[in-house]
Amino acid sequence: MRPLRRLLPLAVALAACRGEAPPPREFDGPSAFRYIEQQVAFGPRVPGTAPHRRMAEWLESELRPRADTLVVQRWTHVTTKGDSLPLVNFIARYQTGAAQRLLFLAHWDSRPRADAPTSPDSTVPVPGANDGGSGVALLLGVADVLKRAPPGIGVDLLFVDGEDYGDFTATPTDVLIGSRYYAAHQVAGPAPLYAVLFDLVADTDLQIYQEGNSLVGAPEVVNLVWETARLVGHGGTFIDTPRHTLIDDHLELQKVGIRAIDVVDFDYPAWHTAGDTMDKVSAASLQIVGDVALALVRREQ
Ligand SMILES: [Zn+2]
């Protein structure tokens, strides 16, 4: 993702609290945390490299027994430079026939260059504990729950490839590749009620502010998610104030009419540096976001 230097003068109405009792805790933060460890152990999951291939095999093997149906989208992306990248999206589907559906997504690739302005060495890849690793771990933790306790509505967990490959300004067709591919090749059937993108959700110092392009494209979904966070006791982490505005995978879904938002803690000093490592992420933070994701599923059923 890439930040935009523009602040949006948006007044976001707070949805009224419905006074519902919080649902029981289903998501297992510590076991989801181990999914970050496993990903980081592969090495940076940069498209075209062996760790990327091994990660794809592992992800498929984890998802197949957990999903009702697993859709695998494979294609070759030719970069601006002319390199051919083998890419793959995975869609773990639950209640495949259900007309009412939610879509959760995360990117599973890692960035080939640690080229943040603060990075001391832009030639090395990003380890991606939080950037990529956390979103995947969150969705795998959700998959564990939905396997044990199937949802009353349809749920699709989308793992997109190639989010972070290129330069967001110089080579915009070499980023957000998997979400753009998914948008053009959606699974047949009813569109999701809304979509939530998760990234950078395991920072040990977690604060999730509302994201500007989400507030423009799907403000009612932002309200729903932040209200849900408050209802399950995580209103201290999900802060209902806009902060950053980001170019991220949710925009590719918004372009095809999906009400998509970004749940992201962009105040992460290790972002796009070689310091995006296990010591910067925590099970407790994953637990918070996992609780909210499951509550979103359960409140629709
Ligand atoms: Zn990134």
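Please refer to the structure placed before this passage.
1. Things to note about the overall build of the protein chain
Here's step 1: Helix and strand counts for the protein chain stand at eight helices and 10 strands.
Here's step 2: The C-alpha atoms of the protein chain give a radius of gyration of 18 Å, which matches the 19 Å a tight globule of 301 residues would have.
Here's step 3: Overall size of the protein chain, expressed as C-alpha extent along the three principal axes, is 55 × 40 × 35 Å.
Here's step 4: For the protein chain, buried positions account for 58% of its 301 residues.
Here's step 5: Summed over its atoms, the accessible surface of the protein chain is roughly 11,500 Å², and 55% of this surface lies on carbon and sulfur atoms.

2. Observations concerning the pairing of strand 4 (residues 101-107)
Here's step 1: Across the seven residues of strand 4, seven count as buried, placing the element largely inside the fold.
Here's step 2: Of the two faces of strand 4, the one carrying R101, L103, L105 and H107 and the one carrying L102, F104 and A106 are both buried.
Here's step 3: Pairing of strand 4 with strand 5 (residues 154-160), which is carried by seven bridges, proceeds in the parallel orientation. Within strand 5, the residue paired with A106 across the bridge is F159.

3. Here's the deal with the layout of surface pockets
Gaps between atoms show up when a probe of the same size as a water molecule is rolled over them.
Here's step 1: One number sums up the size of the second largest pocket: a volume of about 150 Å³.
Here's step 2: Taken together, H52, R53, A56, E57, E60, R74, W75, P86, L87, V88 and F90 make up the full set of residues lining the second largest pocket.
Here's step 3: For the lining of the second largest pocket, the secondary-structure elements that each account for two or more residues are helix 2 (50-63), strand 2 (69-78) and strand 3 (84-94).
Here's step 4: A per-element tally of the lining of the second largest pocket places helix 2 first, with five residues.
Here's step 5: Classifying every residue of the lining of the second largest pocket by side-chain character gives six nonpolar, one polar and four charged.

4. Thoughts on the coordination of the zinc ion
Here's step 1: Only D131 (OD), D164 (OD) and H272 (NE2) from the protein reach the zinc ion as donors, at distances of 1.9 to 2.2 Å.
Here's step 2: Sequence spacing of the donor residues for the zinc ion, all on one chain, is D-x32-D-x107-H. Here D131 is found in the loop between strand 4 and helix 3 (133-148), whereas its partner H272 is found in the loop between strand 10 (260-264) and helix 8 (283-299), with 141 residues between them in sequence.
Here's step 3: The class for H272 is buried, based on a relative accessible area of 3%.

5. Description of the pairing of strand 2
Each regular strand shows side chains that alternate between the opposite faces of the sheet.
Here's step 1: Sheet topology note: the strand 2/strand 3 ladder contains 10 bridges and is antiparallel. Each bridged residue has a counterpart across the sheet, and for Q73 the counterpart in strand 3 is N89.

6. A word on unusual backbone geometry
Here's step 1: One non-glycine residue, L176, adopts positive backbone phi at about 55°.
Here's step 2: Non-glycine residue H272 carries a positive phi angle of around 55°.

7. Quick word on empty space enclosed by the protein
Here's step 1: Within the structure shown, the criterion is met by two cavities of 30 Å³ or more.
Here's step 2: Reported here for the largest cavity is a volume of approximately 60 Å³.
Here's step 3: Around the largest cavity, the lining residues are Y209, Q210, E211, R243, H244, L246, V264, F266 and D267.
Here's step 4: Broken down by class, the residue content of the lining of the largest cavity amounts to four nonpolar, two polar and three charged.

8. A short note on the packing of helix 1 (residues 29-42) against helix 2
Here's step 1: One can describe the packing of helix 1 onto helix 2 by two numbers: an axis separation of 9 Å at closest approach and a directional angle of 150°. When the axis of helix 1 is compared with that of helix 2, the two are roughly antiparallel. Within the contact between the two elements, helix 1 uses Y35, Q38, Q39 and F42 and helix 2 uses P51, R54, M55, W58 and E62.
Here's step 2: Of the residues contributing to the contact of helix 1 with helix 2, the split by class is five nonpolar, two polar and two charged.

Conventions used here
- Residues numbered from 1 in each chain as written.
- Predicted model: local features only at pLDDT ≥ 70, side-chain atom pairs only at ≥ 80, totals over all residues.
- Heavy atoms only, no water.
- Helix = DSSP H or I, 4+ residues; strand = E, 2+ residues; numbered from the N terminus.
- Rg over C-alpha atoms; globule rule 2.2 N^0.38 Å.
- Buried < 20%, exposed > 50% of the residue type's maximum accessible area, 1.4 Å probe, protein only.
- Areas by Shrake-Rupley, 256 points an atom, 1.4 Å probe, with all protein chains shown as cover.
- Pairing = 2+ DSSP bridges.
- 1 Å grid on protein atoms, 1.4 Å probe; cavity = no way out; pocket = protein on both sides within 12 Å on 5 of 7 lines; lining within 4 Å.
- Points joined across faces, edges and corners; volume = space filled by probe spheres on them.
- Nonpolar A, V, L, I, M, F, W, Y, C, P; charged D, E, K, R; others polar.
- Donors = N, O, S within 2.8 Å, 3.2 Å for Na, K, Ca; no water.
- Axes fitted to C-alpha atoms, helices over the stretch in contact; angles between N-to-C directions.
- Parallel < 35°, antiparallel > 145°, perpendicular 65-115°, else oblique.
- Contact = heavy atoms within 4.5 Å.

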